[in-house]
Amino acid sequence: MPTTHNSQNQAVQVTDVHSFAKPEEAVITHIHLNLDVDFEKHILQGYAKLSFKNITGTDHLVLDTRDLEISRVTQGENGEEAKFSFGEEVKFLGKALTIEVSKTSEVVTVYYKTSPHAGALMWLNAEQTAGKQFPFMFSQSQAILARTWVPCQDGPGVKFTYSADISCPHSLMALMSAENDTLLHKDGKYHFNMPQPVSSYLMAIAVGDVRFHALGKNTGVYAEPVMLERSIDEFVDMQNMVDAASGLYGEYAWGRYDVIVLPPSFPFGGMENPRLTFATPTIIAGDRSLVALVAHELAHSWSGNLVTNATWNDFWLNEGFTMYFENRIMEKLYGRDYADMLDELNFNELQETVKELGETSIDTHLFLSLKDRDPDDGMNEIAYIKGQFFLKTVESVVGREKMDIFVKKYFTEHAFQSMTTEKFIEYFKANLIQGDLAIANKIELEKWIYGPGIPSNTFRVKSKLLEKAAAQAKEFLAGTPAKELHTKDWSTHEWLHFLRNLPEGLTKDQIVSLDKKFHFTQSGNCEILCDWFQHTIASDYLPSEAQLELFLMNVGRRKFIVPLYKSLVKTAAGKIFAQKVYLNARPGYHSVAQQTIDELVK
Ligand SMILES: [Zn+2]
């Protein structure tokens, strides 16, 4: 149970249903890792030395582990043997590791190796990378996968600093969510330090053939050499984003902000690993149209990494604030019309998700109930976009000026702390509502947080640019030939809105004419491809099949592949195709993607 503090500064214990650890008794304060990266066996091997504070004078320290092979545990600086035992294996959660410690002990060292199937780690052979010369490995610890590569107290409510000595093959560079060197070390040995406390899900490692290029005074990009030029060009605005974000909500707390562009099997768009965002190459569209993702991961440097959801049930505090913040950065850099366009697309996706989950489903509450479930189940549009629209609604009621003061104060006063939904509500009432009943009634806070669906008082955005795109879809459906549509200077977002305004099951003629004019099947833009393929699947358009297969083989980002497999399994023939492709594609997907798709195609 992580401890947090209420407004009277009393310690409050929070139950984390996804961790065996008992941080209220003894809490980790620092972890030092010493690990060899073994690309032949697909394992990490070495030790984790954990410093902890024994709060209650307990004689045991409890850690989370999953699939770790532990050979030995010692306590104290002199390496005295310590007894240890495992609890029973629980689905998703792994096993508790209980270490017997003396009451005066402050450090334990766990000698271990990871499983070749460690849930967090993705091992790619050279073929699966952009350069095709060297293997690559990376981690994805969120939500509860850190325990598959580091024995730790694996709940977001516990924060600790960390350091590491990592050995890897000489030709490769190792990077972590820590202070990184920008140069290749010829001996394959790297030392890392993370001086600010972070939650376990923010520990990250990547090893591969990557190079660095600076973009601004404290920003830069790492990518495989063949991806570097394109990445530099795509992220040209990154320093401006950091400056805009700091201007909005206070100083950037983490020193540098760099991005590493990973191979395409990365299951997410991005992961906000502190100091070093992990990003999918699918945002490299060539026209900088998908960089909102960088704004999003950057915004996490405040919401999430600085003020952290205390448990995964409070996930909306991480993501809702981040979505709101992301859009404010985009507005600052590219103007209101552009930001409105992103917002309306988001809102439409939220409506779809609510429809899918059911308007009265408790899974549509902002505050989630994930007991006995994989926290990954809660990582959908509700936390992200319902959270965002809650904050936009608040802004529309109290005004932007008051909102900005509140948000900045919220981040500043809770920096490096964790936040429960309950504590947030208390803070919100004390600092924003301040007893004003009229405001409280307009916002309807409890309805948003503990109620289902999209409350009727939600702020609605109407994008002028999207309206034009929708009008062109209407024209097309009314018979205007594709070549006569007005699509000049459209961004990715207008194209997406256009495609989403066409009904499922277009006629063969319609599909052919669209593809002939706009070459969707050959698009290099993954967002557009994903929407387009959903139409081609529904209309059984065979000329796209080879490209679809290639896409599913090469891209592991869950946002794209899940809807495509979903569309495919709707028909018997589609399902056979999906199963055939998945058989070959599966080894190239990260475990969190495999888990979702296994269910879909079985
Ligand atoms: Zn996020």
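The residue numbers shown here count from 1 along each chain, following its written sequence. Given that this is a predicted model, residues contribute local features only at a pLDDT of at least 70 and side-chain atom pairs are listed and counted only at 80 or more, while totals for whole chains, interfaces and linings are drawn from all residues.

**Overview of the overall build of the protein chain**
Right, on to step 1. Looking only at helices and strands, the protein chain has 18 helices and 23 strands in total.
Right, on to step 2. For the radius of gyration, the atoms used are the C-alpha atoms, and the globule rule reads 2.2 Å times the number of residues raised to 0.38. Over its C-alpha atoms the protein chain spans a radius of gyration of 24 Å, differing by no more than 12% from the 25 Å that the globule rule assigns to 602 residues.
Right, on to step 3. Overall, the C-alpha framework of the protein chain stretches about 80 × 65 × 50 Å when taken along its three principal axes.
Right, on to step 4. Once C-beta atoms are placed from the backbone, each residue is buried if 20 or more other C-beta atoms lie within 10 Å of its own, exposed if 12 or fewer, and partly exposed for counts between those two. With 602 residues in all, the protein chain has 48% of them scored as buried.
Right, on to step 5. Counting only contacts in the protein chain whose residues sit at least 6 apart along the sequence, the fraction spanning at least 24 positions is 71%. Strands are runs of DSSP state E lasting at least 2 residues, helices are runs of H or I lasting at least 4, and numbering of each runs from the N terminus. Think of it this way: build a C-beta for each residue from its backbone, and any pair within 7 Å is a contact.

**With respect to the nonpolar core**
Most often, soluble globular proteins keep nonpolar side chains buried together rather than apart.
Right, on to step 1. Counting 178 residues, the largest nonpolar core has Ala174 and Ile260 as its most contacted members.
Right, on to step 2. With residues near it in sequence (within four places) discarded, Ile260 still touches Leu175, Ala206, Val210, Tyr222, Ala223, Leu276, Phe278 and Ala279. In this description, a nonpolar core means buried residues of the types Ala, Val, Leu, Ile, Met, Phe, Trp, Tyr and Cys, linked to one another by C-beta atoms lying within 7 Å.

**Describing the domain arrangement of the protein chain**
Interfaces are often described in size by the accessible area the parts lose on coming together.
Right, on to step 1. Domain delimitation in this document rests on an assignment produced automatically or drawn from a domain database. Each assigned domain of the protein chain is listed here: domain 1 (1-204), domain 2 (210-300), domain 3 (307-450) and domain 4 (503-601).
Right, on to step 2. Placing a centre on the C-alpha atoms of domain 3 and another on those of domain 4 gives a separation of 32 Å.

**Remarks on unusual backbone geometry**
Right, on to step 1. The peptide bond linking Gln142 to Ala143 adopts the cis configuration, its omega dihedral lying at 5 degrees.
Right, on to step 2. The residue Ala143 is located in the loop between β12 (136-139) and β13 (159-167) in this model.
Right, on to step 3. A positive phi angle, near 60 degrees, is found at Asp67, a position not held by glycine.
Right, on to step 4. Within the secondary structure, Asp67 sits in the loop between β5 (60-65) and β6 (69-75).

**Examining the environment of Pro116**
Right, on to step 1. By the secondary structure assignment, Pro116 is in the loop between β10 (107-113) and β11 (121-124).
Right, on to step 2. The class of Pro116 is exposed, set by 12 C-beta atoms lying within 10 Å.
Right, on to step 3. Sequence spacing of Pro116 and His493 is 377 residues, and the spatial spacing of their C-alpha atoms is 40 Å.
Right, on to step 4. If we skip the residues at most four places from it in the chain, Pro116 touches Lys41, His42 and Ile43.

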